[in-house]
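Read off the chains here:
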Amino acid sequence: MRLAVVAAALVLGSGTASAEPCRRAEVADPAPGRSEAVLPAEARIARDLTLSNNTLVWSSGESLWRLRLDGNVCAERIAGRPAEAASAVDSLRVAVAGDSVVALTRTALMELAPTVAAAGTPVAQLPETPQTFVMADGALYTSVWRSDAIYRVDLATGTAVELAQLPKGSGRFGFLLAVHGDTLYAASWGQRTLTAIPLGTGIPKTIARGLAAGPTALSLDDTHAYLYLESGPKFPGAVVAIELAKPGAKPRTLATGIANSDSLLRDGDWLYLRSDARGKRGAIDLVRVPLAGGAPERVAVDLPSPARPIGADAEAIYLDGGTRIVRLQKP
C-alpha cells in the first residue's frame, strides 16, 4: 500500500486557514475543576488530539478539526472532505508542531480546503502506512507498518529518506518516537529497547534493552527518558526513568500499579497518565507520578474513555475523551 504525506501550511492561532462554520460543542461541568466539551458526532476524535498554540487539533474520519481555547467552544473543520461525506474509517492522521500541520492519509492525495491547498503542499511517498510519527525542525519522522526503518520527510521539499534501520524485529509491533534536542528516540515494543538516533548521522545507539515489559508511552527531558511499561497478567504496569548519559544502566522504577496506559504527559515535576480504575469496569482515572518517584496520585476519577492526557497549559490538563475533550484544572 502506498501512502502520501501532505504538508499543509495552517496557522493554528489565527483565522488565516479556511474553516467551515462553527459547530458548537456542548459544555458540561461534571465535577469541581473539571469541564467537558461534548463534540458533534461528525467531529468525534478518531486520533491524534494535539494541543499547540492555544488550539486543539485532531482528526475525525477523513477531516481535520480544531477548537481554539478562547472560550467560544467552537469546533471547526479545517481540512479534508466535507463532514457529511467523511468515512467511518479512521483514515486520516495529523501531526502538529508550532504553526504547522501535517496530514497523513492512505489515499494518493488528501483533498484539502481550497485556501490550504493553494499554499502549495509537497507530497512524499512512503512504502507503507505510518504507525507513529513526530515533527521537529521542519521535518516529520515516521515509522511504517511492520518495518524496522525510521523515515525522515523534509516538509519544505517533500523528500522522504530512510534515516535509520533498527535491528530486525524492532518495528514488528510498532515504535514510540520522540525528538529531544538533536536526537530522535525510538522505543520498541517487540524488542523492549530504547534507541537513540542522532538526527545528523542516523546511526542508532541502544540506550536500554531488556525492559520488563513492552513500552507503550514515552516522554523525555534533558537528562532522562520516561517510559510506561505495559501492564499484564504477570506485570502490574510501571513508569520507569532511564538516564540518557548512562547507556545500558538499569532503568529506575518511579511507580507501579498503573494499568493500561498509552500516553505519558510530562508537565513540570509530574508525569500524567491514564489508568484503568480497579474494580470498575470501563472506568478510567487520571494519575500523576512525581519525577523523583513515588506512589501514583489520583487527579480525577470516572473519566470518559479513552481519557488520554495530551497537553497542558499554565492552568489545566487536557484529555482526549473520544466524544469529548476534558479540561482538568491543575491540582
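Before any of the text, the structure's been laid out above.
Quantities reported herein were computed from a predicted structural model and do not represent experimental measurements.

A. The arrangement of the sheet that holds strand β13 (residues 139-144) in detail. Reading across from one edge, β12-β13-β14-β15 is the order of the four strands in this open sheet, with antiparallel pairing throughout. If you trace the sheet from one side to the other, it starts and ends with β12 (130-136) and β15 (160-165), each paired once. Adjacent strand axes in the sheet meet at a mean angle of 25°, parallel and antiparallel pairs treated alike. Of the pairings in the sheet, the one linking strand β14 (residues 149-154) to β15 comprises five bridges and is antiparallel in character. Each residue of the ladder has a partner; that of Tyr 151, found in β15, is Glu 162.

B. Spatial organisation of the layout of surface pockets. When its volume is computed, the largest pocket comes out at roughly 1,600 Å³. Lining the largest pocket we find 47 residues, and of these Asp 48, Phe 133, Leu 177, Leu 218 and Asp 262 sit closest to its centre. Counting residues per element, the ones that place at least two in the lining of the largest pocket are β5 (47-52), β9 (92-97), β12, β16 (175-180), β20 (215-220), β24 (265-267) and β28 (308-312). Within the lining of the largest pocket, the residues separate by chemical class into 27 nonpolar, twelve polar and eight charged. Around the second largest pocket, the lining comprises 16 residues; the ones closest to its centre are Ala 37, Leu 67, Leu 69, Val 73 and Arg 327. Elements supplying a minimum of two residues to the lining of the second largest pocket: β4 (34-38), β7 (63-68) and β30 (324-329). Residue classes in the lining of the second largest pocket are distributed as nine nonpolar, three polar and four charged.

C. Region of interest: the nonpolar core. Membership of the largest hydrophobic core comes to 18 residues, with the highest contact counts inside it found for Tyr 185, Leu 194, Leu 218, Ala 225, Leu 227 and Ile 242. Residue assignment for this core shows that the elements contributing at least two residues are β16, β17 (183-188), β18 (193-198), β19 (205-208), β20, β21 (224-229) and β22 (238-243). Element by element, the count of residues in this core is highest for β21, at three residues. One finds Ile 45, Leu 56, Ala 75 and Tyr 318 within the second-largest nonpolar core, a separate group that totals 16 residues.

D. Geometry of the state of the cysteines. Under the definition given, this model contains one disulfide. Residue Cys 22 pairs covalently with Cys 74 via a disulfide, S to S 2.3 Å. Of this pair, Cys 22 sits in the loop between β1 (3-8) and β2 (23-24) while Cys 74 sits in strand β8 (residues 74-80), and the two are 52 residues apart along the sequence. Take Cys 74: its relative accessible area is 7%, and that puts it in the buried class.

E. Layout of the pattern of salt bridges. A full pass over the atoms with the stated rule returns 14 salt bridges. One salt bridge in this structure joins Glu 243 and Lys 246, with 3.9 Å as the shortest N-O distance. Note on Lys 246: relative accessible area 46%, which makes it partly exposed. Put simply, Arg 34, Glu 36 and Arg 324 are held in one network by salt bridges that share partners.

F. Examining the pairing of β16 more closely. One ladder, built from six bridges, connects β16 with β17; its direction is antiparallel. Across the sheet, the residue bridging to Val 179 is Leu 184, located in β17. Hairpin connection between β16 and β17: a loop of two residues separates the two successive antiparallel strands, and Gly 181 in this loop has a positive phi of roughly 65°.

Definitions and limits used
Residues numbered from 1 in each chain as written. Predicted model: local features only at pLDDT ≥ 70, side-chain atom pairs only at ≥ 80, totals over all residues. Heavy atoms only, no water. Pairing = 2+ DSSP bridges. Helix = DSSP H or I, 4+ residues; strand = E, 2+ residues; numbered from the N terminus. Axes fitted to C-alpha atoms, helices over the stretch in contact; angles between N-to-C directions. 1 Å grid on protein atoms, 1.4 Å probe; cavity = no way out; pocket = protein on both sides within 12 Å on 5 of 7 lines; lining within 4 Å. Points joined across faces, edges and corners; volume = space filled by probe spheres on them. Nonpolar A, V, L, I, M, F, W, Y, C, P; charged D, E, K, R; others polar. Core = buried A, V, L, I, M, F, W, Y, C linked by side-chain atoms within 4.5 Å. Buried < 20%, exposed > 50% of the residue type's maximum accessible area, 1.4 Å probe, protein only. Disulfide = S-S within 2.5 Å. Salt bridge = Lys/Arg side-chain N within 4 Å of Asp/Glu carboxyl O.

These figures capture arrangement, not role.
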